Amino acid sequence: MDHEAHLRPTDAELAVAARGGDCTSLGLLLERHRARLFGAALRVLGYGPEAEDAVQDTFLIALRHIGDLKDPEAVVGWLFTVLHRCCLRQLRQKRGEVLTGEVPDVPDERPGIEERLEKVALREWIWDALHKLPEPLRATAMLRYFGSYQSYEDLAAILAVPIGTVRSRLSQSKRKLAEMLLDTAGLCDPDARSQSREHQQFYSEAFRGLLRPADRDHYLSHFAEDILLFRGGGTPVVGRSFIAQEVDEDTDAGILLEPQRVLSAGNVSVVEGRFVNPPEDPFHCPPGVAFVIFRREDKATRMHIHLSPRPPRIDDD
């Protein structure tokens, strides 16, 4: 037996290491089976960009869910099962079916994304990789893969771009993340990660503090005076005064804002929250909101706001 082959780690050993957070092992595992995965995708989808897209989807799903793999010995079968589901999704897209979310790759009882990212050490690599994406791709990927608003329609509304642009950005971000996953030596930038944590803590405090009169001015100063504000597909408005006006109206109405999820990579942050309306005015604000914030020199210079639909009133027909 060849001595080097004997020393080469098995698929199961690579899976165990990857499950523990070793990005190099995951990259080696995927590189080892990339040709077979691509060949399987070609047999289902034929020649064209769809096959490569399905393989890239498989890589990203493996990156996000390797920590959920119960049996490392079954890792190759798991990868091909994920690929098969990605191929089916591509076929459904060809038939023109409307897809609002990602094809499930693990059972519904899996833990939430925050729990998985806290459990799996690969989260360090994920955020470092996101930091290296161009700004528009980074914001789109953060929303799609790690936020609660995953449909193309939601992303288009939040980012104020056409659905076609969302698809293009996601395609580019998938390709770049897949390439980085194969090329990486598992090194992360600790300074970038530390900065992301600081932004997460800041925005978690800031969006609560904006509706507290004592803290209002301090947190408002984070937003540039000429900040661009986008809401839905309407014309953007310019100026911090619009934020101040809405903050004051909500404060006077007794509204509370509770951040539920804060994501940050480089100069892009995503804040998802829920409004708590006063008992006497339960429909004042919609239940949920998402903010996508872009910074320059530590000031928020652009912000996209997406409001969840209001629930129907009891007296609505």
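The shown structure was predicted, so the numbers you read here are calculated from the model rather than taken from an experiment.

Parameters and conventions
- Residues numbered from 1 in each chain as written.
- Predicted model: local features only at pLDDT ≥ 70, side-chain atom pairs only at ≥ 80, totals over all residues.
- Heavy atoms only, no water.
- Helix = DSSP H or I, 4+ residues; strand = E, 2+ residues; numbered from the N terminus.
- Buried < 20%, exposed > 50% of the residue type's maximum accessible area, 1.4 Å probe, protein only.
- Contact = heavy atoms within 4.5 Å.
- Areas by Shrake-Rupley, 256 points an atom, 1.4 Å probe, with all protein chains shown as cover.
- 1 Å grid on protein atoms, 1.4 Å probe; cavity = no way out; pocket = protein on both sides within 12 Å on 5 of 7 lines; lining within 4 Å.
- Points joined across faces, edges and corners; volume = space filled by probe spheres on them.
- Disulfide = S-S within 2.5 Å.
- Core = buried A, V, L, I, M, F, W, Y, C linked by side-chain atoms within 4.5 Å.
- Domains from an automatic or database assignment.
- Nonpolar A, V, L, I, M, F, W, Y, C, P; charged D, E, K, R; others polar.
- Salt bridge = Lys/Arg side-chain N within 4 Å of Asp/Glu carboxyl O.
- Pairing = 2+ DSSP bridges.
- Polar contact = N/O pair within 3.5 Å; in protein donor to acceptor, adjacent residues only side chain to side chain.
- Axes fitted to C-alpha atoms, helices over the stretch in contact; angles between N-to-C directions.
- pLDDT = per-residue confidence, 0-100.

Asker: Give me the overall build of the protein chain: which residues, what numbers.
Answerer: Helices and strands together make up the secondary structure of the protein chain, namely 13 helices and six strands. Within the protein chain, buried positions represent 48% of all 317 residues. Taking the contacts inside the protein chain whose residues are at least 6 apart along the sequence as the reference set, 61% of them involve residues at least 24 apart. Of the roughly 15,900 Å² that the protein chain leaves accessible, carbon and sulfur atoms contribute 52%.

Asker: Go over empty space enclosed by the protein, please, and point to the residues and values.
Answerer: Applying the stated criterion across every chain yields a total of two cavities of 30 Å³ or more. By volume, the largest cavity is sized at about 80 Å³. Residue lining of the largest cavity: L60, L63, R64, W125, I126, A129, L130, A141, Y145, F146 and L177, and that is the complete set. When contributions to the lining of the largest cavity are tallied by element, the ones reaching two or more residues are α4 (49–65), α7 (123–132) and α8 (135–146). Among the elements that line the lining of the largest cavity, the one with the most residues is α7, at four residues.

Asker: Quick one: what's the story with the state of the cysteines, residue by residue and with numbers?
Answerer: Using the criterion set out here, one finds zero disulfides in the structure. Among the cysteines around C87, which has no disulfide bond, C86 carries the closest sulfur, lying 7.1 Å off. We classify C87 as buried; its relative accessible area is 1%.

Asker: I'd like to hear about the nonpolar core, residue by residue, with values.
Answerer: Core analysis: the biggest nonpolar cluster contains 64 residues, and L130 and V292 have the highest contact counts within it. Take this core: its biggest share by element is nine residues, from helix α3 (residues 23–45). Mapping this core onto the domain boundaries places at least three of its residues in each of domain 1 (11–97 + 113–186) and domain 2 (192–307). For V292, the contacting residues outside a window of four places in its chain are A139, L143, I158, L159, V268, S269, V270, R302, M303 and H304.

Asker: If you had to explain the layout of surface pockets to someone new, which residues and values would you point to?
Answerer: It is a probe the size of a water molecule, rolled over the atoms, that shows where empty space is left. Considering only enclosed or pocket space, the largest pocket measures out at about 550 Å³ in volume. For the lining of the largest pocket, the secondary-structure elements that each account for two or more residues are β1 (223–231), α13 (240–252), β5 (288–296) and β6 (299–307). Sort the elements by how many residues they give to the lining of the largest pocket and α13 lands first, with seven residues. Of the residues assigned to the lining of the largest pocket, the class counts are 19 nonpolar, four polar and five charged. Here the second largest pocket defines a volume of roughly 460 Å³. For the second largest pocket, the lining is made up of 24 residues, of which D53, D57, Q90, Q93 and K174 are closest to its centre.

Asker: Any details on the pattern of salt bridges? Residues and values, ideally.
Answerer: Under the counting rule described, the total for this entry stands at 13 salt bridges. Between E31 and R34 there is a salt bridge, with its nearest N and O atoms 3.0 Å apart. Placement of the pair is E31 and R34 together in helix α3, with a separation of three residues, close to one helical turn. For E31, a relative accessible area of 38% corresponds to the partly exposed category.

Asker: I'd like to hear about the pairing of strand β4 (residues 268–276), residue by residue, with values.
Answerer: One face of the sheet, then the other: side chains in a regular strand alternate in exactly this way. β4 sits mainly inside the fold: seven of its nine residues count as buried. As judged from the nine bridges shared by strand β3 (residues 256–265) and β4, these two strands associate in the antiparallel manner. Paired with P259 across the strands is G273, a residue of β4. In textbook terms, the turn of a hairpin is the stretch between consecutive antiparallel strands, and for β3 and β4 this stretch comprises two residues, one of which, G266, has a positive phi near 65 degrees.

Asker: A description of the side chain of H304 should follow, citing residues and the corresponding values.
Answerer: One can find H304 in strand β6. In terms of polar contacts, H304 uses its side chain to reach the side chain of R302, at 3.4 Å. Among all residues touching H304, those that are not within four sequence positions of it are I158, L159, A160, F230, A290, F291, V292 and F294.

Asker: Explain the sheet that holds β1 residue by residue, including any values.
Answerer: One open sheet holds the six strands; their spatial order is β2-β1-β6-β5-β4-β3, and the pairing between them is mixed. In the strand order of this sheet, the two ends are held by β2 (237–238) and β3, each with one partner. As paired elements, β4 and β5 share seven bridges and run antiparallel to each other. The residue of β5 that forms the bridge with V268 is F294. With respect to the sheet, helix α9 (residues 152–159) is in contact with β5 and β6, its orientation differing from that of β6 by roughly 140 degrees.

Asker: Summarise the confidence of the model for the protein chain; cite the residues concerned and give the values.
Answerer: Averaged over all residues, the pLDDT of the protein chain equals 80, while 82% of them reach at least 70. Mean pLDDT per element in the protein chain: helix α6 (residues 113–119) is the minimum at 44, and helix α12 (residues 216–220) is the maximum at 95. Contacts of residues 1–6 to residues separated by more than four positions or lying in other chains number one contact, the stretch itself having pLDDT below 50. Long-range and interchain partners of residues 97–120, a stretch whose pLDDT sits below 50, account for 47 contacts in this model, where long-range means more than four residues apart.

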